[in-house]
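A look at the structure
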Number of protein chains: 2
Amino acid sequence: MDDRKTLINLDDESGDDDATVAQKDMGQGSKPIQDFGAIQSEEPTTSSSGREAQGFSGNHHLLGDEPPLQLGDNAMPIPPEIPVNGNAGTSNRNINNSEPIFHLRSRTAASSTPNYESLDYEVCENTLFQEEQRKRLTERFSLRKDVIRWIIFIQIGIITALIACTIDIIIEELSDLKYSFLFNAVQRNVPLSDSSTGDLVIPYLYWLLFSIVPVAFGAAMVTYIEPITAGSGIPQVKSYLNGVKIPRIVRIKTLAVKAIGVITSVVGGLAGGKEGPMIHAGAVVAAGISQGKSTTFVKDFRVFKAFRDDHEKRDFVLGGGAAGVSAAFGAPIGGMLFSLEEAASFWNQNLIWRTLVASIISVFTLNIVLSAYHGLNDFTFTGLFNLGKFDAPLKFDYFELPIFMLLGVAGGLLGAAWNSLNTKINKFRKRFIPWKIGKVIEAVVVAMLGVTLACLMIYFINDCRPLGNDPTNHPVQLFCEDNEYNAVAALWFQTPEATVRSLFHDPPGSHKILTLALFTVVYYVLSCATFGLNVSLGVFIPTALVGAAWGRLLAMVTFYMFPQAEFLHPGKYALIGAAANLGGVLRMTISLSVILMETTGVESSFFFPLIIALITAKWVGDYFNEGIYDTQIQVNHVPLLTWEPLPQYKGLTAHEILSNPVVCIKLRDSAHYIYKMLKKCDHNGFPVVDDVQGDRRSEGRVCGIILRSQLIVILLKSLYVENKRFWLPETSIQTFRDVYPRYPSIKSVRQLDEKINYTVDLSMFMNPSPVRVNPHDSVPRIFQIFRALGLRHLLVINNENRIAGIITRRDFIYK
Amino acid sequence: MDDRKTLINLDDESGDDDATVAQKDMGQGSKPIQDFGAIQSEEPTTSSSGREAQGFSGNHHLLGDEPPLQLGDNAMPIPPEIPVNGNAGTSNRNINNSEPIFHLRSRTAASSTPNYESLDYEVCENTLFQEEQRKRLTERFSLRKDVIRWIIFIQIGIITALIACTIDIIIEELSDLKYSFLFNAVQRNVPLSDSSTGDLVIPYLYWLLFSIVPVAFGAAMVTYIEPITAGSGIPQVKSYLNGVKIPRIVRIKTLAVKAIGVITSVVGGLAGGKEGPMIHAGAVVAAGISQGKSTTFVKDFRVFKAFRDDHEKRDFVLGGGAAGVSAAFGAPIGGMLFSLEEAASFWNQNLIWRTLVASIISVFTLNIVLSAYHGLNDFTFTGLFNLGKFDAPLKFDYFELPIFMLLGVAGGLLGAAWNSLNTKINKFRKRFIPWKIGKVIEAVVVAMLGVTLACLMIYFINDCRPLGNDPTNHPVQLFCEDNEYNAVAALWFQTPEATVRSLFHDPPGSHKILTLALFTVVYYVLSCATFGLNVSLGVFIPTALVGAAWGRLLAMVTFYMFPQAEFLHPGKYALIGAAANLGGVLRMTISLSVILMETTGVESSFFFPLIIALITAKWVGDYFNEGIYDTQIQVNHVPLLTWEPLPQYKGLTAHEILSNPVVCIKLRDSAHYIYKMLKKCDHNGFPVVDDVQGDRRSEGRVCGIILRSQLIVILLKSLYVENKRFWLPETSIQTFRDVYPRYPSIKSVRQLDEKINYTVDLSMFMNPSPVRVNPHDSVPRIFQIFRALGLRHLLVINNENRIAGIITRRDFIYK
């Protein structure tokens, strides 16, 4: 179960604690595995059992191998000191009044699955917010804020590109060093003319060394310093954009570990790419810049304070992700569409526009830096097409369309099988390799396996080609005649990305059929074993590589059988194969096709074949299982909202999915009650009610909603009615914003003692306009509202405006 | 004032009446100018004064020259037979109870502006709908519907492309004929070697003839047959996608007139392009196909019945618009982004995907047909790049970026001036040319003016160039030596689109500075005079042409002054100039930049200069006025919702913008009351209330909302409680869908007579889940909900769930 923690056992996000926060940096960094929960764990020992309900908990089960949910198994003891609700007099109530107030909602069950919080995408328009709005309206603040927002997006583009460049250049230089050395080692140790007595042992050992050291280093960093950096980062960014709080995902430390991790892994020769991590890097950069402060460096630059809420931050992260994709592939439109495909429900035109500008700036910066690095002073550096530009336009005939579709089917089948195999391997890992050192060793073993298989292939396959055709950097002569090079070694003696380039652009006849067939099989297995290791690596490049290999292979085999079929341009089929395989594994069609188009420079007319292969692959793959990112998200039990309401919810009404009874607070409630309640339950949103008879709060009339974080700030800052004159003049929305994003725990509030009888007036703090629905509203419709507005809590009220229940993200995911 | 009716004086949309509809095809086609109103006019004589409030009326005033709104001027007489509300006993009511029930809301004022209805984007999830959902869930209907939706989108792509091809080819052939003839006429009439005595009169007259005849024909068709086809159609499509019902916008007759209109206008030589009309064509195709029936041909194919509502239709129209853009520019991604930029608030991933596929299919179909037409059998026909492909990658240097920005500033200024000038010209037109024949004559006059100016330029400017450089089709030797051609004539002797191509791709030194300077000025004025004529023409191409001309001109002038500045590639600067001018006039940045990129085949690295010019131009232009499409929309008083809430609404609450009192209906109300009420008021949505004391309906408790169209269907089909056993078994959601989109008027309901005491039970017909907000909710937040969910009515309820007012589209636009 330990491996899963890479996504979950983290405490919180980029951002610095305010001085008033008592428990600062609890467990941060030094013991990440032990710390659960995004808000600093209030009940660390019960963190896996029933904490947080009204925030939601991610108890959904999609894979079926986890223990079934224990509905109603309430891990939270009912606190005896809280009065139990009496019977309500009114007739049309949906609340089971015999239950105690603090009873957790019936389906907030104990389970072994981790709990995720939602982001507060909804802006809390309370009185303080309105005041700020009015004040700033006169100050032309609106325009200033807009300009700053633009500046931040531009910065995001630039910095993301710079980081991407740095990673790029370091990987390129180190790989070059490594393969040059190996090349020389081979040339030294294998007699040039006598191809039978060659001794590959010494180069093999060198190769092992150059793989083991970086991989071990990278895996150790990931495992011991920041486990969330494992994998590509795209599932995490996707979850974040969907509205799930993935702790520590956007911290600077995460970025540093990820960058080093991806460099070491790629240089180490693992079957992975640097693209996914770059997208994650863009997201971190966006979150970091937009907040103007850093937890890792405990530094608050005191700028951009207005952007310190989940809503603004998420918009910036969207731009960061787009900039990351753009920098990774040199594909600005693809980058924008990637973000669009991931988070389209919250878009508006301005956000699209800012995202596109961030993407363009990112690509432009990349272009400047890489052009300078390669010594060009105009911007025609084709290295931006990081899968290599097709110079001649790719042509195709009508009759090839069915072939492309068949390739799509193959891609879908192979992709679905890959996903299934990978999931099985990862489950195996979780069960049998729980120790940290085991994870590092595992990564090293996979690296060694790769090197060994490559060496065996080079040793046993005799595939010699005349020099001069293949643009490989290190044409190893190994076992070949003079003026020839070893085509097998050429495939292996470079980074996976360069190999994709070779497969796309090498002239026909660069490899034997056997070489490519074996290479496909080996790489398929290797990449499957690699994704899920505790290293920072993306899945895009190996997937494209496998696809390019079998695409090219199929073209070669067919051409061998029908030598008159001249349309079988191997590069074209490699590209289609890569598209099909990517479609089969990732299932992202729109942005993938645009990225492939932009990154290889093919013309619009070739868009159609690409999308045919991609769509076919996606449909075929979808028949069997979900895309690898969604699978990862499900394995980690992240409660991702789908695009459309689940079909099984058709015909249901709110009444059937809501949770009740709901813990409510009176508009003017006692500090003592609030303190007790926050101690006892870990909900994140509480309806505020008035018209309450005695303590029967859940029968009151709804007038707003208040968040747990706000209540804690109120208690911490002693914002009581009785001492109003002390705090009222200097309290503003900024008081609450200052503690974002690391809201303190209720534990940081000292016993109330003398303030025990004080009163809190929530009217200026609560959100007075929570979205409300009726119990008989249909679930698909409610889902639409929830999704379109990015809600966290949805109050269900009856005809008399009294609470009937509450609906959170969790209620839509439950099956 | 007559001219404005091109947008407004139309009766309804594509779709056929059901047999039960009494007044069918009232006034359709034969007398479009007289018939107002989208729903068949109930009070034709009062149509311009205060009709429809709860549906909303578009009384906003943004340009300031119209008469001010007469607030409270209620054109609707208060019906005496309806009881006046008594004083309410409850304390917390917001309703002014002393007002009569049928009092129109205070701000639904009489004014001379036209009224637009909203589309019902919200799905009415009443009991009938739920029944259908449940029934079809078991039938795997959901999947079938999804597959059919895909098929329709693919059809939309194909048919839109075929129409675009047809228009394209006809224009190309006819223009070729025309200019060949003129070319020969010139060659015959002007002595080749004696350039001083040339007689241009005969060719001039021919040219006039070839302009006047088609333009007069086209203008007459537009004016007499279908005035809504005037202009580019993009403002109309944009309004439709925004949720405003623009009558007759998506009818097949409209498409036919538009196609013929655009062919005649372009062939006639007006300063316009065919791109806008193609987008409109795509929208019509989408609406037509998806509904499976046609009003024009009075034919119901009895397919796709499930898609007969505004929600589905609008999604299809979105795809159609994208397919249209794609077909017009050969730019699939640009097409998708165009739709995205226009209607992003309602997007979800599936819709994006379907739209992209429609776009790709459209481009692919275009490619097949045009390749075949040009005799190619692969798909490398570069005619898809309809602004001509830049073969060599465009390079640029760092120091050029400020120059591009300056060009952007110039584009912004020129564009803003153009918009302002065009608006003034159109106002002049409205005032002084109200007669139909006048409009036709006006179009002819502008066409003659164009020809005359062109002839004068050709006559007076001596700009001879050696043959062989310029790829013009008709190198007129006019006044030039042998082996030379007249560069001025070359600019004019082709369609505007071809001239843009020339300016982008002609080698340096193809024109004199004087030629280009004069051409820019002439075309600037001509295009300004042309847009707003009663002809079908887009504004994209002339705008790009003007921009390309001054862009190229600036490069030439600068190069003339600094001959060592070799970076001044005239084609590059023409492209940047076109982008800047387009940005200044249209202000659509995202899709425009992508379209320009796709349609000229420049590489991603040149994306940055393009977007710099575009954004600068947009920002500069926005300082002065709005984009031309938005200006058109405002001039026509279409109540378009902005992307974000207007800044002046910050700090307001629902209470301050709502309209009340509201006309309500009891859950079980008498047929007599409903009939009377529908006769007397023309609201489009009525809250359904229960818990009503006597006739004080507006004090009842809200339990749903019902639309006018539904009520009329109920009356027409006699769906009363008393005769339930007759209709209940065979009544389904289809009963209501059958009359879509041409809902009958209340006039088509006969006097109730014997049914006067019958009762209507609305519980199974009403939408039980209208979106409700509280009076103290903030307006920006409400706007967000309204926009994100595509609402038509938003009920404001108080704490006791009683109606406090209603908010419609109109309330957000009012200033």
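Up top is the structure these notes are about.
Residues numbered from 1 in each chain as written. Chains lettered and ligands numbered in written order. Predicted model: local features only at pLDDT ≥ 70, side-chain atom pairs only at ≥ 80, totals over all residues. Heavy atoms only, no water.

1. A few points about the packing of helix H6 (residues 252-268) of chain B against helix H7 (residues 275-291) of chain B
All names here are of chain B. Remark: H6 packs on H7, axes separated minimally by 9 Å, with the N-to-C direction vectors making an angle of 160°. In terms of orientation, H6 lies roughly antiparallel with respect to H7. The handedness of the crossing between H6 and H7 is left-handed. Across the interface between the two elements, Ile 252, Thr 254, Leu 255, Lys 258 and Val 262 of H6 pack against Pro 277, His 280, Ala 281, Val 284 and Val 285 of H7. Considered class by class, the residues forming the contact of H6 with H7 number seven nonpolar, two polar and one charged. (Axes fitted to C-alpha atoms, helices over the stretch in contact; angles between N-to-C directions. Helix = DSSP H or I, 4+ residues; strand = E, 2+ residues; numbered from the N terminus. Parallel < 35°, antiparallel > 145°, perpendicular 65-115°, else oblique. Left-handed = near helix turned anticlockwise from the far one by under 90°. Contact = heavy atoms within 4.5 Å. Nonpolar A, V, L, I, M, F, W, Y, C, P; charged D, E, K, R; others polar.)

2. Quick notes on the interface of chain B and chain A
The extent of an interface is frequently quoted as the accessible surface area lost upon association of the parts. Taken together, the contact between chain B and chain A spans 79 residues of the former and 78 residues of the latter. Counting the surface lost from both chain B and chain A, the interface buries some 7,400 Å², and carbon and sulfur atoms represent 63% of this. Here chain B is connected to chain A by two salt bridges. For Arg 772 of chain B, the salt bridge identified is with Asp 777 of chain A, shortest N-O distance 3.4 Å. For the pair chain B and chain A, the number of links is eight residue pairs in polar contact (both at pLDDT 80 or more). Elements with a contribution of two residues or more to the side of chain B that touches chain A: helix H2 (127-138), helix H3 (141-189), helix H9 (332-343), helix H10 (349-373), helix H18 (590-600), helix H19 (607-624), strand S10 (701-707) and helix H26 (779-789) of chain B. (Buried area = accessible area lost by both parts, 1.4 Å probe. Salt bridge = Lys/Arg side-chain N within 4 Å of Asp/Glu carboxyl O. Polar contact = N/O pair within 3.5 Å; in protein donor to acceptor, adjacent residues only side chain to side chain.)

3. Comments concerning the pairing of strand S9 (residues 685-690) of chain B
Residues and elements named next belong to chain B. Of all six residues that make up S9, five are buried, and the element is covered over most of its length. In the sheet, strand S7 (residues 665-666) pairs with S9 via two bridges, with the strands oriented parallel. Within S9, the residue paired with Ile 665 across the bridge is Val 688. Relative to S10, S9 runs antiparallel, the two being bridged by six bridges. What sits directly across from Val 689, in S10, is Val 702. (Buried < 20%, exposed > 50% of the residue type's maximum accessible area, 1.4 Å probe, protein only. Pairing = 2+ DSSP bridges.)

4. Topic: the pairing of strand S14 (residues 803-808) of chain A
Residue and element names in this part refer to chain A. Across the six residues that make up S14, a large majority, six, are buried. Where strand S13 (residues 793-797) meets S14, five bridges bridge the pair, whose relative direction is antiparallel. Across the sheet, residue Leu 795 finds its bridge partner in S14, namely Ile 806. In this structure, the hairpin formed by S13 and S14 is closed by a connection of five residues, where Asn 801 is found at a positive phi of approximately 70°.

5. As for the sheet that holds strand S7 (residues 665-666) of chain A
Residues and elements named next belong to chain A. Strand order in the open sheet made by the three strands is S7-S9-S10, with mixed pairing throughout. Whereas interior strands pair on both sides, the edge strands pair on one side only; in this sheet they are S7 and strand S10 (701-707). In the packing of helix H23 (residues 708-716) onto the sheet, contacts are made with S7, strand S9 (685-690) and S10, and the angle to S10 comes to roughly 75°.

6. Let's talk about the side chain of Thr 160 of chain A
All names here are of chain A. Within the secondary structure, Thr 160 sits in helix H3 (residues 141-189). Given a relative accessible area of 3%, Thr 160 falls into the buried group. A polar contact is formed between the side chain of Thr 160 and the backbone oxygen of Ile 156, at a distance of 2.6 Å. Other than its neighbours up to four places away in sequence, Thr 160 contacts Gly 282, Val 285, Ala 323 and Gly 324.

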